[in-house]
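Descriptive structure summary
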Amino acid sequence: MALSIEQRLDRIRVRLDELTWWRERETLPVGGWTLNGKPIEVGAPWPSRDGVQSFAAGVSVPSSWPIAETRLFLDLGGEALATLIYGDDNVGFGNDPYHKEFPVRAHDFRIEAEAVARLPFGEPVRKPHLNDARLYWLDGAVDAFRLRLSQVHEAATELGEHEVVPHLVAAAEEAFYALEWPSGTEDYVARFAPQRGQQKIWQLPPLKDNPAPLSEAQRQSVIKADLKLIERLRELKQRFPQQGEIALTGHAHIDLAWLWPYAETRRKMRRTFSTAVTLMEGSNEYLAQSGFRFNQSTAHYYAQIEEDDPALFQKIKAKVAAGGWETVGGMWVEPDTNMPTGESLTRQILYGQRYFQQKFGVKHRVCWLPDCFGFSGGLPQLLKQGGIDSFFTIKVNWNDTNTIPADLFWWEGIDGSRVLTHTFNNPWHGYNGAVNPLSILKTWRNFMQKPQHSTSLLAVGYGDGGGGVTPEYVEREMQLRDFPVLPKARWSRVEDFFAAAHETGKQTELPVWQGDIYLELHRATLTTQSATKKAHRQAERALITAETLASLAALLGGEQPESLEHIWRVVLKNEFHDILPGSSIAEVYEDAERELNDAVGRALARQQMAMSVIVNRIPNGDVHDAVIVVNPSLSRRPVRVTLSDGTHFSSSDVMAPLGIKVFTRATLEPLAGLSVSESHLENTHLRATIGLDGTVTSLIHKATGREALAGRGNQLWVYPADKPRDWDAWDIEEDYAKKGIELNRPESIKVVEDTPARAAIRIVRRFRASTVTQTYSLDANGVRLDIATEIDWHDRHCLLRTQTPVAVRAAHATFEHANGVVQRTTHNNTSWDQAQFEVPGHRFLDMSEPGFGVALLNDAKYGHSAKGNVLGLSLVRSPVYPDPLADEGGQRFTYALYPHAGEWHEGRVREEAEDLNQPMLAAVASGVAAVHYEPIAIDGIPAALSGLKPAEDGNGLVLRVYEPSGRRGDFAVEVPEGWKLSESLNILEEPMERGEGAGLRPFEVRSWRVSRG
């Protein structure tokens, strides 16, 4: 009878399984173990599963075993860093579910290991045991033959109806027929006993200890069968040549923190990096011939290894110098790019590239962000200015609705800068791919730009504690060189892949994707773990302001300020794409909030130091009740300041950009006309009416006479159906609003502040076990209605949002992001529009029509919506995985409604958002002159301050600005006498050619050095 191809493949699979049990010619248990200095037997439980456990044992290999064919099998019961000690020659490796077999180098050695009762991805081992420890003499012929036949089976399975498949199946069958295989009952049954089916038998017969291996004649039949199989594969390759090409890069994606705390990541790094180094040092013939390459991003990891394991760091440096180990990425960590400011992203590149240059002598050209949840359109310009012209990710393949129609394309940022972008679509674990026919073939089949470029990238290796590449992967690549049809797959450097792709980009027209790359998934990462997001926003702003004040102090004659890189590194670390987005376990956020709040404290202390220097540089005079005000932005802003004693000033005086001015308290008089009751707030600019339900029932913009609202403003809605189908902390489902509960029955409404400078009304609402307290406030000269919010949250799987319908009709709304804005549709015409029901934004969202608009500002939130005429902001979520108590308890933040004349950029929306996020700074003094300083004068179109900071080389300052709204025009900077302004710098603080043209171009980031002349 004739079996089908599927049946014959199934038969091959069963026969392949049998070969496994003859891999080990002889075995020998490894005993004499100690755990934390006390004896422990193989198979025994750990006395405790907490913390790091120390294992040790001495090992002697039988003298008759050839060392080159001897392997150590080790399963300590969790993840471990094991070291084989050969006198002064020590070899370290990670021990995990994918790395249990290791070559040895001598007949006598010692094992020392540090283990934790965890598996990759933070999975706990509830009852850890010392599972297995043994030596075995590997039958290399059987092992190579088994692996090659496995790959034939895999290739035939994946190729499906390709005409080569019957030939591959026949070749495998012929190889089996050529074997002279043992069949003696006693040895056979003992060898075969571990097989899964045998283990299901009610009662196995008595089994022989140490069953005999293959005889030499039998081994020779394996060798001959394998050689014949290779010959047959090569013949088929001539008839059916390989199609396509895959550039393999060894990789181990390690999340800086996720389902485990950062302390465990430090151990994961050592294990994984030790495994990669040891694999490169191996004597295996395949390693020597393969050209194996391994890549690892993240400057922070190398800095940590340098601190934790200097010897390992030196080994890595040697491998980098030799070309086998490729540092990639050019950034401090693999950060989220939706929420950090442009200056934070700049520092990711600046400090990452500086570290790689200092430690490894390289600057990277490839940004490596495989796992981030969408990408800001402000990023390409920063990459280009950081020396990076290529970008890699695969996360765009996770879209739940639409598919980006290219996978090798130019990504064009909001300013027009382009980086060459590649994303591969490997269905087998994405960037944790495998060297096997499935990953290689399907990655090639999914590659859309085949007509333009001959090669796709594929990253392979187990991640997050899985240890990266295995020796088997290296051997598989060598074997697959002989296979027909499958794409050619060779180890490659990532930068070499992109260099070749750039050559293609010069010769052919590649697709272009403009603007941000929005991920149609993981939308809740803009909201989950709000306290960390707030601390991060505060840390960014506190650091930027501390540097600005210190630089202004220097411009007034103070000393050269110190670099704050050491504090920035803390902030950059916590921008990692599973920390800032809120997708980690509780322990991660305990660390993150402590570290970020400490960074805020250190930055505020430096602000105070700089303010003291500024005050001390003010000449003596006759102002004895002075308030010295500093504007830390490039915007002209009315004076609104709060002193350290809580005194609040709200004046019509306007501060110049980066200005310093001495006022007397008497001159800081608020405008008249501020009034308040339980139902209204009013000043010269606004009149807000507060309803009995706590919403804003009317908001009149007096300058235009326009009603800003088309319904009740600041409606608070709770959505108790916020229960994602997957990815609990990550996702908001599109149907979340199908069930909503409005908080429209306040417990109380009362006036809590009524002074000439400010008035406020407090409203308390409850939802089940949670309380929301909001304070509407209006300054005497304020142009926005602030809504200070305190939440005490004790409900799970509920989403709290604010919604405000506005009296504006617009097809697009404007959202701030890094170094600019993005416009998104307010309609649902297409599936692309419909998918953007929750989108990222920084300090403001605005909806404008010609002549008028309304903005929603915030000081701590990122998840926005703008559909129809409704402005929405997500305030709190409460998922239960991976942190069952995410967003539990108290949090504070402020958002604001801001009606304005003109479009958003005409109506000073960004400037008001700046004021909300970073008020002016003030100090009191006595006996000073009534002076006004503008240390740096700006002339030309409006620009925003990215940073005014100490130069990293200690030579002066660096001023960085960006054009925030898409305009083009003249722009000039004037520095004080005794200082000079350089030509343009890039973000690495190096000279940069920008060409002729306007002084500032749409969304352009420009930097200059300001140094003493």
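See above for the structure.
Now for a description of the structure that goes with this document.

What counts and how
- Residues numbered from 1 in each chain as written.
- Predicted model: local features only at pLDDT ≥ 70, side-chain atom pairs only at ≥ 80, totals over all residues.
- Heavy atoms only, no water.
- 1 Å grid on protein atoms, 1.4 Å probe; cavity = no way out; pocket = protein on both sides within 12 Å on 5 of 7 lines; lining within 4 Å.
- Points joined across faces, edges and corners; volume = space filled by probe spheres on them.
- Nonpolar A, V, L, I, M, F, W, Y, C, P; charged D, E, K, R; others polar.
- Pairing = 2+ DSSP bridges.
- Helix = DSSP H or I, 4+ residues; strand = E, 2+ residues; numbered from the N terminus.
- Axes fitted to C-alpha atoms, helices over the stretch in contact; angles between N-to-C directions.
- Parallel < 35°, antiparallel > 145°, perpendicular 65-115°, else oblique.
- Left-handed = near helix turned anticlockwise from the far one by under 90°.
- Contact = heavy atoms within 4.5 Å.
- Core = buried A, V, L, I, M, F, W, Y, C linked by side-chain atoms within 4.5 Å.
- Buried < 20%, exposed > 50% of the residue type's maximum accessible area, 1.4 Å probe, protein only.
- Salt bridge = Lys/Arg side-chain N within 4 Å of Asp/Glu carboxyl O.
- Expected span 1.5 Å × (residues − 1).

Side note on the layout of surface pockets
Sizing a probe to match a water molecule and rolling it over the atoms shows the empty space that remains. Put simply, the second largest pocket is a space of about 1600 Å³. In this structure, the second largest pocket is lined by 45 residues; those nearest its centre are Thr 642, Leu 916, Asn 917, Gln 918 and Pro 919. Its residues placed into classes, the lining of the second largest pocket shows 16 nonpolar, 13 polar and 16 charged.

Focus on the sheet that holds strand β44 (residues 870-876)
What holds strands together in a sheet is hydrogen bonding between their backbones, with the strands either parallel or antiparallel. Read across the sheet, six strands follow the order β32-β31-β37-β44-β43-β40 without closing on themselves; strand pairing throughout is antiparallel. The open sheet has two edge strands, β32 (741-742) and β40 (839-840), and neither has a second partner.

Section: the packing of helix α11 (residues 342-360) against helix α17 (residues 565-573)
Between two packed helices, what matters for the description is the angle formed by their axes and the separation of those axes. Following both chains from N to C, one finds α11 and α17 inclined at 115 degrees, their axes separated by 10 Å at the closest point. Viewed along their axes, α11 and α17 adopt a mutual orientation that is roughly perpendicular. In this structure, the crossing between α11 and α17 has a hand that is left-handed. On the side of α11, the interface is formed by Ser 344, Arg 347, Gln 348, Tyr 351 and Tyr 355, while α17 contributes Glu 565, Trp 568, Arg 569 and Leu 572. Split by residue class, the contact of α11 with α17 holds four nonpolar, two polar and three charged.

Observations concerning the nonpolar core
Membership of the largest hydrophobic core comes to 152 residues, with the highest contact counts inside it found for Phe 145, Leu 149, Leu 168, Ile 316, Trp 325 and Phe 391. The dominant element in this core, judged by the number of residues it contributes, is helix α2 (residues 140-159), at eight residues. Residues contacting Phe 391, with those up to four places away along its chain left out, are Cys 367, Leu 369, Phe 375, Leu 379, Leu 383, Trp 411, Val 419, Leu 420, Thr 421, His 422 and Phe 498. Counting 50 residues, the second-largest nonpolar core is a separate cluster that includes Tyr 518, Leu 743, Leu 778 and Leu 875.

Concerning the sheet that holds strand β33 (residues 748-754)
With antiparallel pairing, nine strands are arranged side by side in an open sheet as β33-β34-β35-β36-β45-β42-β41-β38-β39. Two strands in the sheet have a free side with no partner beyond their single neighbour: β33 and β39 (820-825). Across this sheet, the average inter-strand angle for adjacent strands is 20 degrees, counted without regard to direction. Relative to strand β36 (residues 785-793), strand β35 (residues 770-779) is paired through seven bridges, and the arrangement is antiparallel. Within β36, the residue paired with Thr 773 across the bridge is Glu 790. Sheet contacts for helix α20 (residues 909-917): β36, β38 (812-817), β41 (844-849), β42 (852-858) and β45 (889-901); angle to β42, the most-contacted strand, approximately 20 degrees.

Some points on the pattern of salt bridges
Applying the stated criterion across every chain yields a total of 72 salt bridges. Between Arg 105 and Glu 281 there is a salt bridge, with its nearest N and O atoms 3.8 Å apart. Of this pair, Arg 105 sits in the loop between β8 (101-103) and β9 (108-116) while Glu 281 sits in helix α7 (residues 262-281), and the two are 176 residues apart along the sequence. Three or more residues joined by partner-sharing salt bridges are found here, namely Arg 637, Arg 640, Arg 784, Asp 786, Glu 912 and Asp 915.

Notes on empty space enclosed by the protein
Applying the stated rule across the entire model yields eight cavities of 30 Å³ or more. Its boundaries defined by the atoms lining it, the largest cavity holds a volume of some 310 Å³. No other element matches the five residues that helix α16 (residues 530-555) contributes to the lining of the largest cavity. Across the lining of the largest cavity, the residue classes break down as eight nonpolar, 10 polar and eight charged. Empty space within the second largest cavity amounts to approximately 90 Å³. Asn 338, Phe 373, Tyr 518, Leu 519 and Pro 840 are, among the 16 residues lining the second largest cavity, the residues nearest its centre. Grouping the amino acids of the lining of the second largest cavity by side-chain chemistry returns nine nonpolar, four polar and three charged.

So, α11
Spanning 19 residues, α11 covers 26 Å between terminal C-alpha atoms, matching the ideal 27 Å at 1.5 Å per step. Directly after α11, the chain includes Gly 361, whose backbone phi takes a positive value near 70 degrees.

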